[in-house]
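Residue strings, one per chain:
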Amino acid sequence: MTPPEPPLLLALDLTGTFVFGLNGALTAVRAARLDIVGVLALAVITALGGGITRDVLIGAVPPAAFRDWRYLALALGGGLVAFALSRRLERLETPIVVLDAVGLSVFAVIGAAKALEFGLGIGPAILLGAITAVGGGTIRDTLVRQIPSVLHSDLYAIPALLAAALTAAAVRTGTYGLPTALGAAAICFAVRMIGVRFRLNAPGPPGGDHPDGHPDSPRDDERDDG
């Protein structure tokens, strides 16, 4: 069994929830032009969808998002901020990307640790850690008829899997705690930001097209940005 999450990890988890809600709402505003109901729905789905999916799969019901009011409140708060300030937030793209990477990292660590706490093996725990981190965004993109960003965005799923794997190894070796959890999250964050900075992607098929406009990508006029 893993111990309760330290206050710092909990604070980062709540921060990630807010930022994921913000990002989900911005997608609703920019890509789909939804009304406030749609904006808030996508905010909640993006922020909480991965954790709820994980909790249902491991039998942790009702999910944590429904037992702690702060998660839903922060997801809705992020949605409301994005709805009201969407034009101004375009100027803050870099800070939002950075905070999104923080959320990705912490979600992956906490997701893997919780899966192991419920008796799953290392492989399923790593998978569920990644699902916690990217599941909400995948559902969001599917709902607005976009290719999920996890399938093509600059190193998104890979750092989440890496953080989940490091967490699982720490739990299995009895070294899981705040330092190792933060270390795994920091590695995930670093890999994600390197991918953003240098626009790196996972390898595609030889001679194939990549949907992000890199060396193996289609021309700009062939891209489908949703």
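Bear in mind the structure is a predicted one, so any value in this text is a computation, not a measurement.

K.L.:
Explain the nonpolar core residue by residue, including any values.
P.N.:
By size, the foremost hydrophobic cluster in this structure holds 40 residues, and its most contacted members are Leu104, Val109, Ala133, Val134, Ala160 and Tyr176. Where this core is concerned, the elements lending two or more residues are helix H1 (7–32), helix H2 (36–58), helix H4 (69–89), helix H5 (93–117), helix H6 (122–143), helix H7 (157–172) and helix H8 (178–198). Of all the elements, H5 adds the most residues to this core, at 11 residues. Each residue touching Leu104, except ones within four places of it in the same chain, is listed here: Phe20, Ala133, Val134, Tyr156, Pro159, Ala160, Cys188 and Arg192. In this structure, Val39, Leu42, Leu89 and Ile96 belong to the second largest nonpolar core, which totals 12 residues.

K.L.:
So, the environment of Gly51: which residues are in play, and what are the values?
P.N.:
Structurally, Gly51 can be placed in helix H2. Remark: the alpha-carbon pair of Gly51 and Ala65, spanning 14 residues in sequence, is separated by 7.4 Å.

K.L.:
Requested: an account of unusual backbone geometry, with residues and values cited.
P.N.:
In this structure, Pro62 follows Val61 across a cis peptide bond, with omega equal to -5 degrees. Relative to the elements of secondary structure, Pro62 occurs in the loop between H2 and helix H3 (64–67). Its identity is not glycine, yet Arg145 carries a phi of approximately 60 degrees, on the positive side. Here Arg145 lies in the loop between H6 and H7. Of note, the phi angle at Arg199 is positive, near 55 degrees, even though the residue is not glycine. Tracing the chain through its elements places Arg199 in the segment after H8. Judged by relative accessible area, Arg199 falls into the partly exposed class, the value being 44%.

Rules used throughout
Residues numbered from 1 in each chain as written. Predicted model: local features only at pLDDT ≥ 70, side-chain atom pairs only at ≥ 80, totals over all residues. Heavy atoms only, no water. Core = buried A, V, L, I, M, F, W, Y, C linked by side-chain atoms within 4.5 Å. Buried < 20%, exposed > 50% of the residue type's maximum accessible area, 1.4 Å probe, protein only. Helix = DSSP H or I, 4+ residues; strand = E, 2+ residues; numbered from the N terminus. Contact = heavy atoms within 4.5 Å.

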